[in-house]
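# Report on the structure
So you can see what is in the structure, the chains are spelled out below.
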There are 2 protein chains.
Amino acid sequence: MFDCTFQLQQADVVVTGSIKPEEIPVSWIKPQTTVVNCSHGFLSGNLGFGEHRLKNSAQAPNEAVGPLAIALRMQNIVKNSVQWLQAQQYRNWNLRCLKLQPQTPVPSDIEISRGQSPKAIDVLAKEIGLHADEIEIYGQTKAKVRLSLLERLKDQPDGKYVLVAGITPTPLGEGKSTVAVGLVQALTAHLKVNSFACLRQPSQGPTFGVKGGAAGGGYAQVIPMEEFNLHLTGDIHAITAANNLLAAAIDARILHENTQSDKALYNRLVPLVNGVREFSAIQLARLKRLGINKSDPSSLTAEEISKFVRLDIEPSTITWQRVVDTNDRYLRKITIGQASTEKGFSRQAQFDIAVASEIMAVLALTSSLADMKERLGRMVVANDKNGQPVTAEDLGVTGALAVLMKDAIKPTLMQTLEGTPVFVHAGPFANIAHGNSSVLADKIALKLVGKDGFVVTEAGFGADIGMEKFFNIKCRASGLVPSVVVLVATVRALKMHGGGPNVSFCAFLVKQMINTCNNLQLVSDGCCNLQKQIQIAQLFGIPVVVVLNVFKTDSPAEIDLVCTIAKQSGAFDAVPCSHWSAGGKGAVDLSHAVRKAANQQNNFRYLYELELPIVDKIRTIAQKVYGAQDVELSPGALSQIGRYSHQGFDKLPICMAKTHLSLSHQPERKGVPTGFILPISDVRASIGAGFIYPLVGTMSTMPGLPTRPCFYDIDLDPDTEQVKGLF
Amino acid sequence: MFDCTFQLQQADVVVTGSIKPEEIPVSWIKPQTTVVNCSHGFLSGNLGFGEHRLKNSAQAPNEAVGPLAIALRMQNIVKNSVQWLQAQQYRNWNLRCLKLQPQTPVPSDIEISRGQSPKAIDVLAKEIGLHADEIEIYGQTKAKVRLSLLERLKDQPDGKYVLVAGITPTPLGEGKSTVAVGLVQALTAHLKVNSFACLRQPSQGPTFGVKGGAAGGGYAQVIPMEEFNLHLTGDIHAITAANNLLAAAIDARILHENTQSDKALYNRLVPLVNGVREFSAIQLARLKRLGINKSDPSSLTAEEISKFVRLDIEPSTITWQRVVDTNDRYLRKITIGQASTEKGFSRQAQFDIAVASEIMAVLALTSSLADMKERLGRMVVANDKNGQPVTAEDLGVTGALAVLMKDAIKPTLMQTLEGTPVFVHAGPFANIAHGNSSVLADKIALKLVGKDGFVVTEAGFGADIGMEKFFNIKCRASGLVPSVVVLVATVRALKMHGGGPNVSFCAFLVKQMINTCNNLQLVSDGCCNLQKQIQIAQLFGIPVVVVLNVFKTDSPAEIDLVCTIAKQSGAFDAVPCSHWSAGGKGAVDLSHAVRKAANQQNNFRYLYELELPIVDKIRTIAQKVYGAQDVELSPGALSQIGRYSHQGFDKLPICMAKTHLSLSHQPERKGVPTGFILPISDVRASIGAGFIYPLVGTMSTMPGLPTRPCFYDIDLDPDTEQVKGLF
């Protein structure tokens, strides 16, 4: 027996592990084992080597071990103990923030981004308590975070969960991402409170089309902004690959079924390899679903073979479209299969932009690798000729899709301009999907910030759409309870709602004109929209902090007026913000207000029960959230609802595909429209993601390139390797 | 003045740098600067601070510097000196190889790959002399290598350059990648000679379609094989994004020109922003090409505006196609632009598989970021209505394409099963493109291995195609001179050439039958193909080592016969190899033969001069390489040649798009066909990549999915995160 305490140099604490004698392999021990004796630290224990072991080893002197091997083994134990200890302890991050020196006028986003030297991402990861083996580094400034973290931290309490939503926006957007980033910069760099921003990954299409970039802006952004806006860690590319493999599988299957007999199909699907014929795992699962409980390929009857080999997809019911991450308007409607090799089985189809893929929504809502695989398999791509749903699993492609998505499921860690942590993960459409970043990123971030910390995430579009979906779809999927809603308003949007002219990309001058005229009446009238959006948040029982994203053209009187009206309308607090021009410092007031609001009583509730019929769920949202008088469903919509109910898909939440430019379905109706009947033209379903999406009007799922796309200004300096022209 | 020597702890050597007094900023110096005195090492020098500087600093006591700052600066100098020193020194790598314990029977590729624990990629990078700031890590097992390395090592002599080519193959392939990997495993893990394998990145399409994987095989492969075969570091995704942005730009431009007046186009292309109208850099370049030497947008005449705003693309001449990295046969021929938003301007088009994109060929042939940008801009996408070429540069998209490709240009470092280094970079088609991995990877590897080391790369298809293009296109682009050709043969392919039945995926049983019958006559007759391919290599003046990739069914007599005939036919040496079942150990004989051959006299020469007319270049290849009697060009081919000559593209090398299954254009003609007339059905051009490609018959650029695709067997274990079913 001997006592032994080891000190792990790298750790702050000294820990002693213990090893049971029976765990020590014989090959470890040699007679001259040295007794090491030291005592340190606040934890201690014994390493006991039984006398009989030492005797044992004397019989096999060649299989011996010295103090070094024992030390290595002990070091391992100590390392595990330290990890365990860290997992149990909440600690305030000791994070080195990056200093800002804001300039006036504010330079372009890319210039600001390039002016800051980001920390090496492994340094940031360590600062926030991630272990080296929990991250996968992609270059100097990005890292994927492994999901194993959730298991390690499962007993850690969650931080506070803050949603940034907005009033009904102008087409220019009112700065929700910027607020989210500014808020965490304020919380962590200025208040020294742990916080994380969880943002959506932008589509690359608009980056080269009309938009130019989406990493926040000014002195509240994610850096390096060109990494954020380009390939990032390849998640959208993985979605594209998975989506298109499934699409190719559908058409190839139809062609093969159309051109082969049952027997030929069977011989190819279950081939004789080295004299043996076997079902693959995914084929056995299909047999089971078909009620054929056989595993020997030679035992199927002709009828069973026919059932097994034919999916009998009805081409006119195919809802699965191909995708590209490019603004390519010529792919909005196409005819495919026109080569002679496809033997005349051509059909009309379309490409969507990659982020419109259901796989993006699956990624955003999934809770684990196993859950993602199940969701991918459940995705319905068409109906068969009997009206039954055909899934990815039926096509045998579930495993391949999961393989293509195995890295995309890990959130990507980046940093803000002030060196605080950000997760970028998933970016589904906000109309045909739910428009929120991933559940997994939020869950991991909530553990990492610890009980006194904050996770700030963002919902697409106005609160009537993005926030409603955040609560009813995302929070329902995750089980997480939000603490505060931050509602973003701008004077320019309020003026529009108060009766001022529309703001748009083409009306740059008009916009400047409105901004420069101090028109309190327009602002006051426009606050009706702000008031309505506050009321919507209150439907869910969550306190609201209104933040006015200040532009240099806003007058003090306008700012005061908005804050006063907001508080009168039920907001917990209302504060102006200047993070765009000042960084986190400009959002310190907001961060104080959010901290106070997070300590309020929380009565979170969903708006509707899943058990309600689909039509009633739609009507509830239309009336309570949008303020519609009623809904009106087209015959097509009603028939789809009937089909989904028949297929057992009626217990899913609803994801309304509606314009974000008005509370109603008519983009030109600003303020708070009333008395309208919301028309539902069609109803579709994302069964893998887990929602039904009614279409209020037509939704474009493929943007186009303008006459002068952004790419005219985008360039790469071959000497410095610097990207120019992203903004 | 004071003398100062610094020791850099991390380095093996002690180096002293010097700093000139005039380089020292005033802000550095303070009066109490400490004199540090020490002497070490084999190099020494002085750091002299002039007296006047010290005086100077006394006048500005606040702008001062202490010993620490000087030490930091000196450390920097020392670091640079160490780097410089390392760059000048050739050294044998001190590389920890991974041990193999080959099993019988040989397990599946994925099982072998998973059974080995790869080294952390940063460890391998350090072992082969890369600095930490020269790599960008992607996860644990992949890293991109920065091109700055080429500058650092520019004075280092190159290693030996070895090409692995093959005889005319069966559709199953004869194992060129496996030989390339086995050879470097032998050289580095067994002979302790520096070596690098440079391989192509496989397309993801076939991985899920018919092929399953392409990382070598058995005990000679790149690990982890699932990383190699899936997204890798995203290069093919980047190519897809760039390719499709250009495609979208073409159609959007045609639509905008068709629906807008000159004035409207001009107002949009050169808009008034904040009261100012300016040309972008790429627009100024276009004006210059048009001969309009103006930079003030208001000074253009109506005629100049019209010339500037209209590319006048003739839709029927568009050669630029969209791509996906999926086997999607339904996209072989499609009609695009059928949505009402495209106003009837629909047209017929196609998708190719991503690796068929000209951008892949550009990536493979480029020598730097600046060169890549130029090549991307030069790519011709169509003709205008006057028959003039329209380029990517004309569309204003060059910079954006370069931005999308900025990371893809860096080769990806991985490792073999024995822990030796591999570059994976670029994978162009071997028919419509040149089928070789990148010039940049080869160049960097040749520097890293040093003068006594070896770089082994591979050419697609048989030597008549891949090797011919390697010499005439790739070596011409790079200026590199190869040392040895390793020509891979198999008994099974030789039997086919000798008159045995065809080997194919469907003829698995036939294959086994041939392999098991010891038929020396068939083998001997089939060696005519081997002899011909040796002679082709000799046309270029390079010594040939024949390697027989041994299968367990090959008899000793067959093996001896092939080696004897090979040597009689002019090969420098001929050896059997068993790396597939034994790892590098099985290729030790080959590695000795290659080392000897590399010391042979080298008379490398190209097959034709670029100055020859296009038709003569085609005829030279057809007659001298394929053994054709003559060529016959279709009227379409002749007219294209006329057009390219007129456009000034006739001085480019030729990239024949021909079947790889025969020396002739008829896949069923095995052995050495003679007396045939090679028909050229069409001639196309990849101007950015830099070659003209005549089509010998139709080439499929989009594979399809079979009835039972590989993905039926591919799965992901959600608990272990392990990929199953890749083979």
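In case you missed it, the structure is sitting above this.
By convention here, each chain's residues receive numbers from 1 onward along its written sequence. The lettering of chains begins at A and the numbering of ligands begins at 1, in the order of writing. Per-residue local features are limited, in this predicted model, to residues with pLDDT of at least 70; the limit for side-chain atom pairs, both in listing and counting, is 80 or more; totals at the level of whole chains, interfaces and linings are taken over all residues. Working from all heavy atoms in the structure, the side-chain values ignore hydrogens and water.

### A look at the interface of chain B and chain A
- The interface of chain B with chain A comprises 82 residues on the first partner and 82 residues on the second.
- For the pair chain B and chain A, the summed buried area comes to about 7400 Å², and 62% of that belongs to carbon and sulfur atoms.
- By buried area we mean how much accessible surface two parts lose on assembly, using a 1.4 Å probe and totalling the loss over both. Looking only at chain B, the three residues that lose the most surface to chain A are Y330, T707 and Y712 of chain B, adding up to 12% of its buried area.
- Definition used for salt bridges: Asp or Glu carboxyl oxygen within 4 Å of a side-chain nitrogen of Lys or Arg. On inspection of chain B and its partner chain A, the count reaches 10 salt bridges.
- Any pair of N or O atoms that falls within 3.5 Å is considered a polar contact. Within protein, one atom must be able to donate a hydrogen and the other to accept it, and sequence-neighbouring residues count only if both atoms are side-chain atoms. Counting across the interface, chain B meets chain A through 36 residue pairs in polar contact (both at pLDDT 80 or more).
- Helix and strand assignments come from DSSP, with helices taken as H or I runs of at least 4 residues and strands as E runs of at least 2, each series counted from the N terminus. Here the element with the most residues in the side of chain B that touches chain A is helix α9 (residues 235-259) of chain B; it accounts for 12 residues.
- Taken together, the residues of the side of chain B that touches chain A break down into 41 nonpolar, 22 polar and 19 charged. By definition in these notes, contact holds between two residues if any of their heavy atoms fall within 4.5 Å. Classification used: nonpolar for Ala, Val, Leu, Ile, Met, Phe, Trp, Tyr, Cys and Pro, charged for Asp, Glu, Lys and Arg, polar for all others including Gly.

### Some remarks on the relation of the copies chain B and chain A
- Alignment of the copies relies on least squares applied to C-alpha atoms, considering only residues that score at least 70 for pLDDT in both. Relative to chain A, chain B is turned by 180 degrees and slid 0.0 Å along the rotation axis, the superposed coordinates differing by an RMSD of 0.0 Å. Here the transformation between the copies is reduced to the relation of a two-fold axis. Nearest to the rotation axis, the C-alpha of Y138 of chain B is located 2.1 Å from it, this being the minimum over chain B.
- Most of the interface of chain B is mirrored in chain A, where 100% of its interface residues are also at the interface.

### Quick notes on the packing of helix α13 (residues 358-365) of chain A against helix α14 (residues 369-378) of chain A
Residue and element names in this part refer to chain A.
- Contact pair α13 / α14: the axes reach a minimum separation of 10 Å and the direction vectors enclose 150 degrees. Judged by the angle between their axes, α13 and α14 are roughly antiparallel. Of the two possible hands of crossing, α13 and α14 adopt the one that is right-handed. Contact residues: α13 offers I359, V362 and L365, while α14 offers M372, R375 and L376. Note on definitions: angles span 0 to 180 degrees between N-to-C directions of axes, and those axes are lines fitted to C-alpha atoms, for helices only across the stretch in contact. Orientation categories follow fixed angle ranges, with anything under 35 degrees roughly parallel, anything over 145 roughly antiparallel, 65 to 115 roughly perpendicular, and all other angles oblique. Here a crossing is taken to be left-handed if its near helix is turned anticlockwise relative to the far helix by less than a right angle, and right-handed if that turn runs clockwise.

### Describing unusual backbone geometry
- Here the residue pair I223 of chain A and P224 of chain A is connected by a cis peptide bond, since its omega of -10 degrees sits within 30 degrees of zero.
- Looking at the secondary structure, you find P224 of chain A in the loop between β6 (220-223) and α8 (225-229).
- One non-glycine residue, N274 of chain B, adopts positive backbone phi at about 50 degrees.

### What to know about the state of the cysteines
Residue and element names in this part refer to chain A.
- By convention in this document, the label disulfide applies to cysteine sulfur atom pairs within 2.5 Å. Applying the stated criterion across every chain, the model contains zero disulfides over all chains.
- No disulfide involves C655; its sulfur sits 14 Å from that of C475, the nearest cysteine.
- By relative accessible area, C655 is classed as buried at 0%. Only protein chains enter the accessibility calculation, which uses a 1.4 Å probe; a residue whose area is less than 20% of its type maximum is buried, one above 50% is exposed, and one in between is partly exposed.

### What about the pairing of strand β1 (residues 135-138) of chain B?
All names here are of chain B.
- One bridge is not enough; two strands pair if DSSP finds at least two bridges between them. Two strands pair when backbone bridges link them, and β1 and strand β2 (residues 142-145) are joined in this way by four bridges, in the antiparallel orientation. By the bridge assignment for β2, Y138 is matched with K142.
- Between β1 and β2, which pair antiparallel in sequence order, lie three residues; one of them, G139, sits at a positive phi of approximately 70 degrees.

### Let's talk about helix α23 (residues 588-598) of chain A
- Within α23 of chain A, burial applies to V588, L590, S591, A593, V594, A597 and A598 of chain A.
- Elements that come into contact with the buried residues of α23 of chain A comprise β3 (160-166), α6 (176-190), β17 (454-458), β18 (484-489), β19 (544-549) and β20 (573-577) of chain A.

### Some thoughts on the packing of aromatic side chains
- For Phe, Tyr and Trp, rings pair up if their centres lie within 6.5 Å, where Trp contributes its six-membered ring, and each pair is then called stacked (planes under 30 degrees apart), edge-to-face (over 60) or tilted (otherwise). Applying the stated criterion across every chain yields a total of 26 aromatic pairs over all chains.
- Aromatic side chains F471 of chain A and F604 of chain A sit 5.4 Å apart centroid to centroid with 50 degrees between the ring planes, which places their arrangement in the tilted category. Of this pair, F471 of chain A sits in helix α17 (residues 463-478) while F604 of chain A sits in the loop between α23 and α24 (614-626), and the two are 133 residues apart along the sequence.
- The exposure class assigned to F471 of chain A is buried, which follows from its relative accessible area of 0%.
- Aromatic rings pair up to connect Y161, F470, F471, F540, F604 and Y606 of chain A into one cluster.
- Two conditions define a charge sitting above a ring: the NZ of Lys or the CZ of Arg must be within 6 Å of the ring centre, and it must be within 35 degrees of the ring normal. Above the plane of the ring of Y606 of chain B lies R476 of chain B, whose end atom (NZ or CZ) is 4.4 Å from the centre.
- Cation over ring: K658 of chain B sits above Y626 of chain B, and NZ or CZ is 4.6 Å from the ring centre.

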